[in-house]
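Listed below are the residues making up each chain.
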Amino acid sequence: MAELQLREAIRAAMVEEMERDDTIFLMGEEVAEYDGAYKVSEGMLDQFGAKRVIDTPISENGFAGLGIGAALNGLRPIIEFMTFNFSFVAIDQIINNAAKIRYMSGGQFKIPIVFRGPNGAAGQLAATHNTSTESMYATLPGLKVVAPSNPDDAKGLLKSSIRDDDPILFLESEVMYGMKGEVSDEQDYTIPIGKARIARDGDAVTIIGHSKSYWVALQTADMLKEDGYDAEVIDPRTIRPLDIESIVKSIKKTNRCVIIDESNPYASISSEITYQIQSAAFDYLDAPIIRVTAKDVPAPYAKNLMDHYMPQATDAYAACKKVMYVD
């Protein structure tokens, strides 16, 4: 095991895959000469050259479409958005081309492309730079959505994503790029897409959280532990496909569930998980599922309002106590 920052783990995954397969290339704004807006691609231009680490104009629609065309012609692009808020400029390419061409061509074309970059809230960046996009993209058949919470998962899942023949949105967190964690040094380390991680065993309540919300889930579990309750914490890792089997297995053990989700509440990831749980395990629930989400407004700028806007461990703790019927 080696201790790496999240950005270093992502870089290691890209470098290893580009060394393995010369059809893979990285493209996006400032990924080359500037070493990436968040230094994720630091040193990659020197290693692979300007034909495989490519700076683009500020034109997400253009370079997303170029990447999709390259994927149709046998290459395996990694397209970096400086923030997934900017992916909205390229949304026609992602929704109408990347997501649908394989189906509409009867499987004649594959779209092996990864769109990656920071997603979700990143502090005082105001509404246009703080959107959690996973619920929007996960609703679209043809796309896979991956949201790692730690450096080890980021490396293993990104390597698997680059090798996948379907378009994948790989959602990172800007505020977690500097997070350090143990990363497997196993040769050719990959993690299967669509398999959740049971981060903590327990029988009192199931807490589900992905990306940054996973760490809120752990905080909540620690608070419950002080009261003598063992919560089970699940990190879905991938939003689509969702490992509902692992979630249902946990619900059958704990009989209660709280979902922490940075999405806005209406038609959120937590909404879908709630539906799937009640569809598959309604008879095992001893209390209604409670969601702890971002507030149902655009993200504010003021720090005190932003803290109120985001899901907090204190809110999740109260929700857990409510579904457990304890004071």
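Residues numbered from 1 in each chain as written. Predicted model: local features only at pLDDT ≥ 70, side-chain atom pairs only at ≥ 80, totals over all residues. Heavy atoms only, no water.

Moving on, we come to the side chain of threonine 131. Topologically, threonine 131 is positioned in the loop between strand E5 (114-118) and helix H6 (134-138). Looking at threonine 131, its side chain comes within polar contact range of the side chain of asparagine 85, at 2.9 Å. Excluding residues that lie within four positions of it along the chain, threonine 131 makes contacts with Asn85, Phe88, Asn119, Gly120 and Met136. (Helix = DSSP H or I, 4+ residues; strand = E, 2+ residues; numbered from the N terminus. Polar contact = N/O pair within 3.5 Å; in protein donor to acceptor, adjacent residues only side chain to side chain. Contact = heavy atoms within 4.5 Å.)

Take the nonpolar core next. Counting residues in each nonpolar core, the largest one holds 42 residues, and the members touching the most others are Phe81, Phe115, Tyr137, Ile208, Ile247, Ile273 and Ile277. Every element with two or more residues in this core is listed here: strand E2 (24-28), helix H3 (60-72), helix H4 (91-98), H6, strand E7 (168-172), helix H9 (244-254), strand E13 (257-261) and helix H10 (269-281). Take this core: its biggest share by element is 5 residues, from H3. If sequence neighbours within four positions are ignored, isoleucine 273 has contacts with Ile208, Leu242, Ile247 and Ile259. (Core = buried A, V, L, I, M, F, W, Y, C linked by side-chain atoms within 4.5 Å. Buried < 20%, exposed > 50% of the residue type's maximum accessible area, 1.4 Å probe, protein only.)

All right, on to the pattern of salt bridges then. Scanning all chains against the criterion turns up 25 salt bridges. One salt bridge in this structure joins glutamate 17 and arginine 20, with 2.6 Å as the shortest N-O distance. You can see glutamate 17 and its partner arginine 20 sitting in helix H1 (residues 6-20), 3 residues apart, about one turn around the helix. Under the relative-accessibility criterion, glutamate 17 is labelled buried at 0%. Between lysine 253 and glutamate 232 there is a salt bridge, with the nearest N and O atoms lying 2.6 Å from each other. (Salt bridge = Lys/Arg side-chain N within 4 Å of Asp/Glu carboxyl O.)

A few words on the sheet that holds strand E6 (residues 144-146). Read from one edge of the open sheet, 7 strands run E3-E2-E4-E5-E7-E6-E12, paired in mixed fashion. Strand pairing shows two members of the sheet lacking a second neighbour, strand E3 (53-55) and strand E12 (238-240), which therefore form its edges. Averaged over all adjacent pairs, the angle separating strand axes in this sheet is 20 degrees, with direction ignored. Here E6 runs beside E12; their pairing, made up of 2 bridges, is antiparallel. Its bridge partner being in E12, valine 146 is matched across the sheet by threonine 238. (Pairing = 2+ DSSP bridges. Axes fitted to C-alpha atoms, helices over the stretch in contact; angles between N-to-C directions.)

None of this, on its own, says anything about what the molecule does.
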